[in-house]
Amino acid sequence: MGDGELIDRLRRREQSGLEELSRRYGPLMRYILSPILPDEQDREECLADVVLLVWERVDAYSPDRGAFSTWLTALTRNAAISRARKRRQDTEPLSPERASPAPGPEEQVLRRELLEDLRRALSSLSRRDQILFHRKYYYLQPTAQIAAEMGMTERAVEGRLYRLKKRLRKELGGAYCE
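Below is a short write-up of the structure.

Moving on, we come to helix α6 (residues 127-138). Considered for burial, the residues of α6 that qualify are Asp129, Gln130, Leu132, Phe133 and Arg135. Tucked into the core, α6 has its buried residues touching α2 (15-36), α5 (105-123), α7 (143-150) and α8 (154-172).

Written as structure tokens, this is what we have:
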């Protein structure tokens, strides 16, 4: 069964679509969740949340915007980050000085411009460097995992990431980078 048939089954609300989604993409989703959510119970709950999100939002998926696996990866990553943030907020004491987490209109415009600048800068990198950057800063994978899976030493990964950040800082004018 291909992705097209899987998507059709999910859109028709067939149980076999959910089973195939879990069988085919469960390992990928767990792989994405593990560096973001260290607690096993959080990962399993988040995985269930993602499967429910796919079930509810499968009609929003469009093959014109990218592969199904890419859409699923983004849903999984965003759900994991949201869960991790919520977990941190639940443990922080509330105070009247704590500002609203919602960005204002100016911040939203600046953020969109920053993201476009960053996308443009990342597209100028080699494919290997793009993968390295995304694994570290988008999927939040540990350096040791990246090194093992990309056939590099940890020092080589750290050095390459350092040079990438330095290059991006230069291209983006330094103001955007940490």
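Turning to the pattern of salt bridges, a few remarks are in order. In the structure shown here, the tally under the stated rule is 17 salt bridges. For Asp49, the salt bridge goes to Arg83, with nearest N and O atoms at 2.7 Å. With Asp49 in helix α3 (residues 40-57) and Arg83 in helix α4 (residues 68-91), this residue pair connects regions lying 34 residues apart in the sequence. Judged by relative accessible area, Asp49 falls into the partly exposed class, the value being 36%.

Formed by 26 residues in total, the largest nonpolar core has its most connected members in Leu21, Val54, Phe68 and Leu72. Mapped by element, the contributors of at least two residues to this core are α1 (3-11), α2, α3 and α4. If you tally residues by element for this core, the top one is α4, at 8 residues. If we ignore the near neighbours within four places in the chain, the residues touching Phe68 are Asp3, Leu6, Ile7, Leu10, Leu21, Tyr25, Val54 and Tyr61.

What the second largest pocket holds in volume is close to 680 Å³. Surrounding the second largest pocket, 24 residues form its lining, Thr70, Trp71, Thr73, Ala74 and Tyr138 being those nearest its centre. Looking at the lining of the second largest pocket, the elements that each hand over two or more residues are α2, α4 and α6. Examining the composition of the lining of the second largest pocket, we find that 7 residues originate from one element, α4, more than from any other. For the lining of the second largest pocket, the residue count by class is 12 nonpolar, 9 polar and 3 charged.

Close contact between α5 and α8 brings their axes to 10 Å; oriented N to C, the two are set at 125°. Judged by the inter-axis angle, α5 sits oblique to α8. Both α5 and α8 take part in a crossing whose hand is right-handed. Along its contact with α5, which presents Asp117, Leu118, Ala121 and Leu122, the element α8 presents Leu168, Glu171 and Leu172. In terms of residue class, the contact of α5 with α8 is made up of 5 nonpolar, no polar and 2 charged.

Calculation rules
Numbering of residues starts from 1 in every chain and runs along the sequence as written. pLDDT decides what is reported in this predicted model: residues at 70 or higher carry local features, side-chain atom pairs at 80 or more are listed and counted, and totals for whole chains, interfaces and linings draw on all residues regardless. Excluding hydrogens and water, the side-chain values take into account all heavy atoms of the structure. The buried label applies to any residue whose accessible area, calculated with a 1.4 Å probe on protein chains only, is under 20% of its type's maximum; exposed applies above 50%, and partly exposed to all values in between. Helix and strand labels come from DSSP, where a helix needs a run of H or I of at least four residues and a strand needs a run of E of at least two; each type is numbered from the N terminus. By the convention used here, residues are in contact when the closest approach between their heavy atoms is within 4.5 Å. For this analysis, a salt bridge means a side-chain nitrogen from Lys or Arg found within 4 Å of a carboxyl oxygen belonging to Asp or Glu. Here the nonpolar core consists of buried residues drawn from Ala, Val, Leu, Ile, Met, Phe, Trp, Tyr and Cys, with membership extended through side-chain atoms lying within 4.5 Å. Every definition here rests on a 1 Å grid over the protein atoms only: cavities are sets of points where a 1.4 Å probe fits but cannot get out, pockets are open sets enclosed by protein on both sides within 12 Å along at least five of seven lines, and lining residues have some atom within 4 Å of a point. Grid points are joined across faces, edges and corners, and a volume is the space filled by probe spheres set on the points. Note that Gly is not counted as nonpolar here; it falls among the polar residues with everything else outside the nonpolar set of Ala, Val, Leu, Ile, Met, Phe, Trp, Tyr, Cys and Pro and the charged set of Asp, Glu, Lys and Arg. Each axis is a line fitted through C-alpha atoms, taken for helices only over the stretch in contact, and angles between the N-to-C directions span 0 to 180 degrees. We call two directions roughly parallel when the angle between them is under 35 degrees, roughly antiparallel when it is over 145, roughly perpendicular when it lies between 65 and 115, and oblique otherwise. Two helices crossing with the near one rotated counterclockwise from the far one by less than a right angle form a left-handed crossing, whereas a clockwise rotation gives a right-handed crossing.

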